[in-house]
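Examining the three-dimensional arrangement
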Amino acid sequence: ELRRSHPELPLIGISSAELLGGEEYFDYYTYKPIDQNQLFTLATRCIKNKIHMNRKKKSRSTLKILIAEDNSYNSYTLKELLVSLGYKESNIKISHNGKSCLEETKKHRYDVILMDILMPLMDGIDASKEILANPHPPMIIAVSAAVMNIDKTRCQIVGISGYLEKPITKEKLDTALLPLIT
């Protein structure tokens, strides 16, 4: 409910038990016991993301999106879902591996990357590390079939802002991109 009523509010989920759905509503998610360094890192990332997102809020039709997905069916489906949500097709680019995604971000600026985690040549984690090291990186949302907490934690540690589990639904995708649009 907080995500719907206050989409700009950074949220960190903290639990002693595994959450069975709903992780997409949090910017970051962690488990008890909480290490103070980990909590500090997550809070800092929330603040950085909020500052970054506040500067870059755009309409659906102007948001520049890069899909990094090695499976052509999945990339086509993501693109079609985005278009059905009102995002402009000409502002959506597809990259088929982490290395080409990284090269694409050197040539063009994107507002958000939907990053598959397991890809050839360079995986999504390594590509994200390099992209996020840039002065004005885009928001990165992991897109993965891996649903283990360790996979989600790996994404959070490198600074990936969100995590969408496959199969992706229109509703999950819309919620994940809501903080970027006006």
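Let me begin by describing the structure that accompanies this report. (Residues numbered from 1 in each chain as written. Predicted model: local features only at pLDDT ≥ 70, side-chain atom pairs only at ≥ 80, totals over all residues. Heavy atoms only, no water.)

It is worth spelling out the overall build of the protein chain at this point. Within the protein chain one finds 7 helices and 7 strands. Going from N to C terminus, the protein chain has its helices and strands arranged as α-β-β-α-β-α-β-α-β-α-β-α-β-α. For 182 residues, the compact-globule formula gives about 16 Å, and the C-alpha radius of gyration of the protein chain, at 15 Å, lands near that figure. Each principal axis of the C-alpha atoms in the protein chain carries an extent, and together these give about 45 × 35 × 30 Å. (Helix = DSSP H or I, 4+ residues; strand = E, 2+ residues; numbered from the N terminus. Rg over C-alpha atoms; globule rule 2.2 N^0.38 Å.)

Let us now look at a nonpolar patch on the surface. A cluster of nonpolar side chains, namely Ile-14, Ile-34 and Leu-39, defines an oily patch on the protein surface of about 210 Å² accessible area. For Leu-39, the position within the fold is in helix H2 (residues 36-56). (Patch = residues over 30% accessible without salt bridge, like charges linked within 9 Å, V, L, I, M, F, W, Y side chains within 5 Å. Areas by Shrake-Rupley, 256 points an atom, 1.4 Å probe, with all protein chains shown as cover. Salt bridge = Lys/Arg side-chain N within 4 Å of Asp/Glu carboxyl O.)

Our next topic: the packing of helix H3 (residues 72-84) against helix H7 (residues 170-177). The axes of two packed helices give the description: the angle between them and the distance between them. Between H3 and H7, the least distance of the axes is 10 Å, while the angle of their chain directions is 70 degrees. One finds that H3 runs roughly perpendicular with respect to H7. Between H3 and H7 the crossing geometry is right-handed. Where H3 abuts H7, its residues Leu-78, Leu-81, Leu-82 and Ser-84 lie against Lys-170, Leu-173 and Leu-177. Across the contact of H3 with H7, the residue classes tally to 5 nonpolar, 1 polar and 1 charged. (Axes fitted to C-alpha atoms, helices over the stretch in contact; angles between N-to-C directions. Parallel < 35°, antiparallel > 145°, perpendicular 65-115°, else oblique. Left-handed = near helix turned anticlockwise from the far one by under 90°. Contact = heavy atoms within 4.5 Å. Nonpolar A, V, L, I, M, F, W, Y, C, P; charged D, E, K, R; others polar.)

With that settled, consider helix H6 (residues 149-158). For H6, every residue scored as buried is listed here: Asp-151, Lys-152, Cys-155, Gln-156 and Val-158. Of the residues trailing H6, Gly-159 is marked for its positive phi of about 105 degrees. (Buried < 20%, exposed > 50% of the residue type's maximum accessible area, 1.4 Å probe, protein only.)

On to the pattern of salt bridges. Using the criterion set out here, one finds 7 salt bridges in the structure. The shortest N-O distance in the salt bridge between Asp-126 and Lys-129 comes to 4.0 Å. A residue pair is termed a helical-turn pair when its members lie 3 or 4 positions apart in one helix, as Asp-126 and Lys-129 do in helix H5 (residues 124-132) at 3 residues. Asp-126 sits in the partly exposed class, given a relative accessible area of 35%. Using a relative accessible area of 43% as the deciding quantity, one classes Lys-129 as partly exposed.

The 5 strands are arranged S4-S3-S5-S6-S7 in an open sheet whose pairing can be described as parallel. A strand with exactly one partner marks an edge of an open sheet, and here the two such strands are strand S4 (92-95) and strand S7 (162-165). The sheet shows a mean angle of 20 degrees between the axes of neighbouring strands, taken without regard to direction. Two strands pair when backbone bridges link them, and strand S3 (residues 65-68) and strand S5 (residues 112-116) are joined in this way by 4 bridges, in the parallel orientation. Paired with Leu-66 across the strands is Ile-113, a residue of S5. Sheet strands in contact with H7 are S5, strand S6 (139-144) and S7, and its direction is about 175 degrees off that of S7. (Pairing = 2+ DSSP bridges.)

By size, the foremost hydrophobic cluster in this structure holds 21 residues, and its most contacted members are Ile-65, Leu-82, Tyr-87, Leu-114 and Leu-173. Looking at this core, the elements that each hand over two or more residues are S3, H3, S5, S6 and H7. Setting aside residues no more than four positions away along its own chain, Ile-65 makes contact with Leu-82, Tyr-87, Asn-91, Ile-92, Lys-93, Tyr-110, Val-112 and Leu-114. Counting 19 residues, the second largest nonpolar core, distinct from the first, contains Ile-117, Ala-127, Val-158 and Ile-160. (Core = buried A, V, L, I, M, F, W, Y, C linked by side-chain atoms within 4.5 Å.)

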